[in-house]
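One-letter residues, chain by chain:
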Amino acid sequence: MYAEPSLSSRTAFPGRWRLLSLPARRLLLLALAFILLFMTVNLHGNIRYILVHRAQILATLLLVAFAGGIATLLFQTVTHNRILTPPVMGLEALFILLQTAMVFFVNVQGLALLGAAGKFAVETLLLVGFSSLLFRWLLGGVGVNLHRVLLVGLVCGTLFRSLATLLQRLLSPGEFAIFKAACSPLSPVRRRRFCR
């Protein structure tokens, strides 16, 4: 006679695990193994502090990976094209250029006065404004040519990266050190200077 499995043995995880293909399962297990290695290798000294710090870094990495995937999916859906991604169009280089230009023109003390919310608002407004101007010009025509869009995106990305590098070289060494420390997501300088 067939016995119905108990409620405790019927969990949602094994059913969903079977839905994944074999390469996806292997990739997921490999990612979990790397996460475990990252969290446990070279643990010396104050273990609690190290684990909390590594957990913050891991959460930041996972959040950025998720946001990058969602941004790519949305970008490809809006443009109806599977080739175009934000890095190909130069949006990451535009963000780095805006960060560098804010430190160069506003100065570190001005950014500290803005605070975290003000800095985020200014960055968001500038990034949305510049990118909407760029894409209105690029994608606004009736016949959108994919080759032109890719070429202009790559050229703009290279231009933005070059301008950001130029502005970074023109910064004073102290401002450059603060800028580089502020660009890392969990640095104490960022928390002190920019996130008040």
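As the structure is a computational prediction, the values presented were derived from the model and not from experiment.

Caption draft 1: Geometry of the overall build of the protein chain. When helices and strands are counted, the protein chain shows nine helices and zero strands. Each helix (α) and strand (β) of the protein chain, taken in turn from the N terminus, gives the series α-α-α-α-α-α-α-α-α. Counting only contacts in the protein chain whose residues sit at least 6 apart along the sequence, the fraction spanning at least 24 positions is 54%. A total accessible area of about 13900 Å² is found for the protein chain, and carbon and sulfur atoms account for 71% of it.

Caption draft 2: Quick look at unusual backbone geometry. Phi angles above zero are rare outside glycine, and Asn42 is one such case at about 60°. Residue position: Asn42 is located in the loop between helix H2 (22-40) and helix H3 (47-79). Owing to a relative accessible area of 56%, Asn42 belongs among the exposed residues under this scheme.

Caption draft 3: Summary view of the packing of aromatic side chains. For the structure on display, the rule yields one aromatic pair. Ring geometry for Phe104 versus Phe105: centroids 5.0 Å apart, planes at 90°, classification edge-to-face. A residue is classified by how much of its surface remains accessible, and Phe104, at 29% relative accessible area, is partly exposed. A relative accessible area of 63% means that Phe105 is categorised as exposed. In this structure, Arg54 packs its charged tip against the face of Phe38, placed 6.0 Å from the ring centre.

Caption draft 4: Expanded view of the packing of H2 against H3. As a packed pair, H2 and H3 sit with axes 9 Å apart at the nearest point and diverge in direction by 145°. Taken together, the residues of H3 that come into contact with H2 (itself represented by Ile35, Phe38, Met39 and Thr40) are Leu51, Arg54, Ala55, Ile57 and Leu58. Counted by class, the contact of H2 with H3 contains seven nonpolar, one polar and one charged residues.

Caption draft 5: Spatial organisation of the pattern of salt bridges. According to the stated counting rule, one finds one salt bridge in the structure shown. A salt bridge links Lys119 to Glu123; the shortest N-O distance between them is 2.6 Å. Placement of both Lys119 and Glu123 in helix H6 (residues 108-139) is noted, with a separation of four residues, approximately one turn of the helix. Here Lys119 and Glu123 have matching classes, each one buried.

Caption draft 6: Spatial organisation of the nonpolar core. Residues Phe75, Leu84, Met89, Phe135, Leu138 and Phe160 are the most contacted members of the largest nonpolar core, which totals 19 residues. Elements supplying a minimum of two residues to this core: helix H5 (91-106), H6 and helix H7 (146-170). A per-element tally of this core places H7 first, with seven residues. Not counting residues within four places of it along the chain, the set of residues in contact with Leu84 comprises Phe75, Gln76, Thr79, Met89, Leu146, Val149 and Leu150.

Caption draft 7: Up close: H5. Here H5 spans 22 Å end to end across 16 residues, near enough to the 22 Å set by a 1.5 Å rise per residue. Two residues or fewer past H5, Asn107 is found with a positive phi of approximately 85°.

Caption draft 8: Looking closely at the packing of H5 against H7. Running from N to C, H5 and H7 point in directions that differ by 25°, and their axes come no closer than 8 Å. With respect to their mutual orientation, H5 and H7 come out roughly parallel. Taken as a pair, H5 and H7 cross one another with a handedness that is left-handed. Each of Ala93, Leu94, Ile96, Leu97, Thr100, Ala101 and Phe104 in H5 lies in contact with H7, whose residues at this interface are Gly157, Phe160, Arg161, Leu163, Ala164, Leu167, Gln168 and Leu170. Here the contact of H5 with H7 is composed, by residue class, of eleven nonpolar, three polar and one charged.

Calculation notes
- Residues numbered from 1 in each chain as written.
- Predicted model: local features only at pLDDT ≥ 70, side-chain atom pairs only at ≥ 80, totals over all residues.
- Heavy atoms only, no water.
- Helix = DSSP H or I, 4+ residues; strand = E, 2+ residues; numbered from the N terminus.
- Contact = heavy atoms within 4.5 Å.
- Areas by Shrake-Rupley, 256 points an atom, 1.4 Å probe, with all protein chains shown as cover.
- Buried < 20%, exposed > 50% of the residue type's maximum accessible area, 1.4 Å probe, protein only.
- Phe/Tyr/Trp six-rings, centres within 6.5 Å; stacked < 30°, edge-to-face > 60°.
- Lys NZ or Arg CZ within 6 Å of the ring centre and 35° of its normal.
- Axes fitted to C-alpha atoms, helices over the stretch in contact; angles between N-to-C directions.
- Nonpolar A, V, L, I, M, F, W, Y, C, P; charged D, E, K, R; others polar.
- Salt bridge = Lys/Arg side-chain N within 4 Å of Asp/Glu carboxyl O.
- Core = buried A, V, L, I, M, F, W, Y, C linked by side-chain atoms within 4.5 Å.
- Expected span 1.5 Å × (residues − 1).
- Parallel < 35°, antiparallel > 145°, perpendicular 65-115°, else oblique.
- Left-handed = near helix turned anticlockwise from the far one by under 90°.

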